[in-house]
Every structure is written in structure tokens, then in C-alpha cells.
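# Per-entry structural report
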Amino acid sequence: MDYPLVSVIILNYNGLKNLNGILEECVKSALNTEYPNFELLFVDNASTDRSIEFVKKNFGRNPILRIIQNEKNFGFAGGINVGIKKAKGEYIALLNNDTIVDTQWLKELVKVMQQPRVGAAQSKLLQLRNPNILDCAGGFIDYLGYAYERGRGQKASDYKKVDEIFYAKGASLIIKRAVLDRVGYFDPILFIYYDETDLCWRVWLNGYKVVFVPTSIVYHAQGVTISTLPEHVSLYFLTRNHMLLLIKNYDRKNLIKNLIAFLLMEFRKAAVFIAKRKCTCALSIIKALTWNLIHFKYAWQKRCTVQKLIRRVPDHKIQKVMVKPYPPFPHSLIFRKSYFIKK
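Quick caveat, the model's predicted, so the values are computed rather than measured.

### As for the pairing of strand β6 (residues 118-127)
The buried count for β6 comes to nine of 10 residues, which makes it a mostly enclosed element. The sheet contact formed by β6 and strand β11 (residues 172-176) spans three bridges and is antiparallel. Bridge pairing links A121 to I174 in β11. Two elements, β6 and strand β7 (residues 134-136), share two bridges in a ladder whose sense is antiparallel. Residue pairing in the sheet places L125 in a bridge with C136 of β7. Between β6 and the antiparallel strand that follows it, β7, lie six residues.

### As for the packing of aromatic side chains
Tallied over the full model, the rule gives eight aromatic pairs. Arranged with centres 5.7 Å apart and planes meeting at 85°, the rings of F76 and F186 form a pair that is edge-to-face. Residue F76 is found in helix α4 (residues 75-86), and its partner F186 is found in the loop between α6 (177-183) and α7 (195-205); the two are separated by 110 residues along the sequence. According to the relative accessible area criterion, F76 is buried, its value standing at 15%. Centre to centre, the rings of Y146 and F262 are 6.1 Å apart; their planes meet at 45°, and the pair counts as tilted. One end of the pair, Y146, is in the loop between β8 (139-141) and β9 (147-149); the other, F262, is in helix α9 (residues 252-275), with 116 residues separating them in the sequence. Judged by its relative accessible area of 15%, Y146 is buried. Look at F262 and you get buried, because its relative accessible area is 0%. An aromatic cluster is present here, built from F166, W201 and Y250 joined pairwise through their rings. Just above the ring of Y208 sits the side chain of R117; from NZ or CZ to the centre is 4.6 Å.

### Brief notes about the pairing of strand β2 (residues 38-44)
Of all seven residues that make up β2, seven are buried, and the element is covered over most of its length. Side chains F38, L40, F42 and D44 of β2 all project onto a buried face; the interleaved residues E39, L41 and V43 project onto the opposite face, where all are buried too. Both strand β1 (residues 6-12) and β2 contribute to a ladder of seven bridges, which runs parallel. Bridge assignment links I10 to a residue of β2, and that residue is F42. As judged from the five bridges shared by β2 and strand β3 (residues 65-69), these two strands associate in the parallel manner. Note on β3: the bridge partner recorded for L40 is L65. Between the parallel elements β2 and β3, the chain passes through helix α3 (residues 51-59) in a crossover that is right-handed.

### Points about unusual backbone geometry
A positive phi angle, near 55°, is found at N14, a position not held by glycine. Note that N14 resides in the loop between β1 and α1 (15-18). N14 gets classed as buried once you look at its relative accessible area, which sits at 4%.

### Overview of α4
With 12 residues, α4 extends 17 Å between its outermost C-alpha atoms, agreeing within 8% with the 16 Å of an ideal straight helix rising 1.5 Å per residue. In terms of residue burial, α4 counts as a mostly covered element, since 10 of its 12 residues are buried. For α4, every residue scored as buried is listed here: G75, F76, A77, G78, G79, I80, N81, V82, G83 and I84. Along its buried surface, α4 packs onto β1, β2, β3, β4 (91-96), α6 and α7.

### Considering the pattern of salt bridges
Tallied over the full model, the rule gives 14 salt bridges. Measuring nitrogen to oxygen at the nearest pair gives 2.2 Å for the salt bridge that ties R152 to E149. Of the residues examined, E149 reaches a relative accessible area of 15% and is grouped as buried. E231 is paired through a salt bridge with K278; the nearest N and O atoms lie 2.9 Å apart. Within this pair, whereas E231 is found in helix α8 (residues 231-249), its partner K278 is found in the loop between α9 and α10 (279-294), the two being separated by 47 residues in sequence. On the basis of relative accessibility, which here comes to 40%, the residue E231 falls in the partly exposed class. K278 gets classed as partly exposed once you look at its relative accessible area, which sits at 30%. Among the ionic contacts, a cluster of salt bridges with common partners joins D135, E149, R152 and K169.

### Re a nonpolar patch on the surface
A cluster of nonpolar residues, I256, I260 and L264, forms a patch on the protein surface that exposes about 320 Å² of accessible area. Residue position: L264 is located in helix α9. Since its relative accessible area comes to 59%, L264 is described here as exposed.

### So, the side chain of T197
Relative to the helices and strands, T197 is located in helix α7. Apart from the residues lying within four places of it in its own chain, the contact partners of T197 are I141, F166, Y167 and L245.

What counts, and at which threshold
Residues numbered from 1 in each chain as written. Predicted model: local features only at pLDDT ≥ 70, side-chain atom pairs only at ≥ 80, totals over all residues. Heavy atoms only, no water. Buried < 20%, exposed > 50% of the residue type's maximum accessible area, 1.4 Å probe, protein only. Helix = DSSP H or I, 4+ residues; strand = E, 2+ residues; numbered from the N terminus. Pairing = 2+ DSSP bridges. Phe/Tyr/Trp six-rings, centres within 6.5 Å; stacked < 30°, edge-to-face > 60°. Lys NZ or Arg CZ within 6 Å of the ring centre and 35° of its normal. Right-handed = clockwise from strand over helix to strand, strands pointing away. Expected span 1.5 Å × (residues − 1). Contact = heavy atoms within 4.5 Å. Salt bridge = Lys/Arg side-chain N within 4 Å of Asp/Glu carboxyl O. Patch = residues over 30% accessible without salt bridge, like charges linked within 9 Å, V, L, I, M, F, W, Y side chains within 5 Å. Areas by Shrake-Rupley, 256 points an atom, 1.4 Å probe, with all protein chains shown as cover.

Here is the structure:
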């Protein structure tokens, strides 16, 4: 196989304080990757826990490593964009700072990425604390945009084939630089949540595939940084970005139909929160929906760019990689045990 230059980007925010030693293992394992042509970019989102000093002291002499300090916290999307702009690679690979990689993870990804119609891919993510259990074997959304991670809680030996997924989880994602140049970088307004979903939807719209690579193994300590966010803050970003995702990427007919259904679901969710006396959470949902109305000009400009400059594939073909919304959910085709349906 060829060994094109790969830029591996690790985004960090207070990883030294939040990750209980995982940050050191993350950087160490990434530097020990058995791939002959890669650079490692450690991008820090203005951490206040001396993460930068720690990485410089322990790994700063390694010529493969470049350290980039952002002047403020740009979130996942904005922080990664800074790394992409400074990256030199033909491929861009992303790792969360709460991951530890197998030595062959990158070689296995690049092997699959050399297929011409593959635009992006995801590793097999295993739970760091229980590596016999899957964390994620690829992401999917339903027609309304609700996201589901395949395989969570199942045996690590499940999902043995390279197959199509709707989106690659950002904990271990690789994408071709040429594809990024066609579909654009991460949308910085998203900050957290739905960022990789939005990017991969544009990859599909442009005529490329997103695939799952089971031979690329990465261990993930699922959502350690995000778990520190209050529930109402997470709800705000989830709801706001979800609605923006639909506005940007659907054609007109599917946008009207699915946006109406989405709004009904969200108002119902807000009513449930009120009934449970969690009014702060209900208010976060209303604020998130209102944001898209107040900033409709931004959403519409992004939509015009996607529909006029990026789209090459009609919705009915892309929906083949989605799952149908509940009811009924054909999860048995994808998820042998669905945590989400039971919940």
C-alpha cells in the first residue's frame, strides 16, 4: 500500500484535570503509531489546567509532534478547524483526548481510504475500561435527524466487515483533504454535538461514502469532558444543532416534512420536562429552537451553499443509509440490541 502523509489531530480542553491520566496515554499511544508517514498536531482549546505545559515537558522533543495553542475555547468544531488549517497531510485523522490507539489503527484506516469513492471512515471504538465491549461501530441518524451509535454495549467481536455508516464518530475519524476542500470544514457555529454528523452528511451529498473499518481499533473513555456539562446546556446545543442540521442538508420537500415532525417531537419533549418540574431543561429546548429563527439568515446562507455547491446526490439515495423514524424503527437491521429503543 501507499503511505500518504496523514495529519493526526488531538483536540484538548483541560484533559490533564478531567481525564485521570488518560491524556498522557493518549498522546503516547498516538506517537507510537506504526505508520511511516504521519504528523501529530496537539491542539489546545485554551485549557486552564496546565495541559500544554504537561505535553511540552513529556513529549515536546518528539519531531512528529506539533503543539497549537488557541487563544480561546472554540469548541470541537472550531478547534479542529484550526488544526486542519495548519495540517500538511493528504488525509486528516481526528482523535479524542480520551482515546488510546492500537499501533495499527492508522494503517488500517488508510488502507480502506485509498478506495476512490470512500471519503471518510471511522475506527472500531471499544470501551477503554472494558475492551471486550463496543463503544461505537458507526453512527446513524433517522429521517428526523436523531442520532444513534451502532453497537454500543455489544461484544467487541461483533461487526467484522467494512460497511457503510451515515457518520463517523469524531473520537476516531479520518477524511481525505481533497474531500474537505469540496464539502468544507466543520461548521464552527455547532461548537459541540452534531458536528461530525453535519460534515459526513455533506460527504454523502457530494457523492462520497462514509465507512466503518473494524480492523482499526481505538479504545475510548466515552464522553468524559462532555459529561461535565449541565443537562440544560447539553440539551441546548443538541436541539439547536439538530435543527440547523436539517435546515442545511435536506432538499425542500424533505425539509418541510421532517422539520415539522422534529418540532412536534421537541415541543413534546419540552412538555415532558415541564411535567417533571425540570423547567430549565424545557426552557433550553425553546431557546434552542428560537435561536434558529433569530439566526435564520445564517442557516439559510449555509443551506444555499450546501444545496447549490456541494449537493450531487438526491435525498432518496442518502436516506438508504438512514434508519426510519419511530414508529416503526427497523433497528433489527442494524442494532441487534438497541439501548435507545428500550430507553
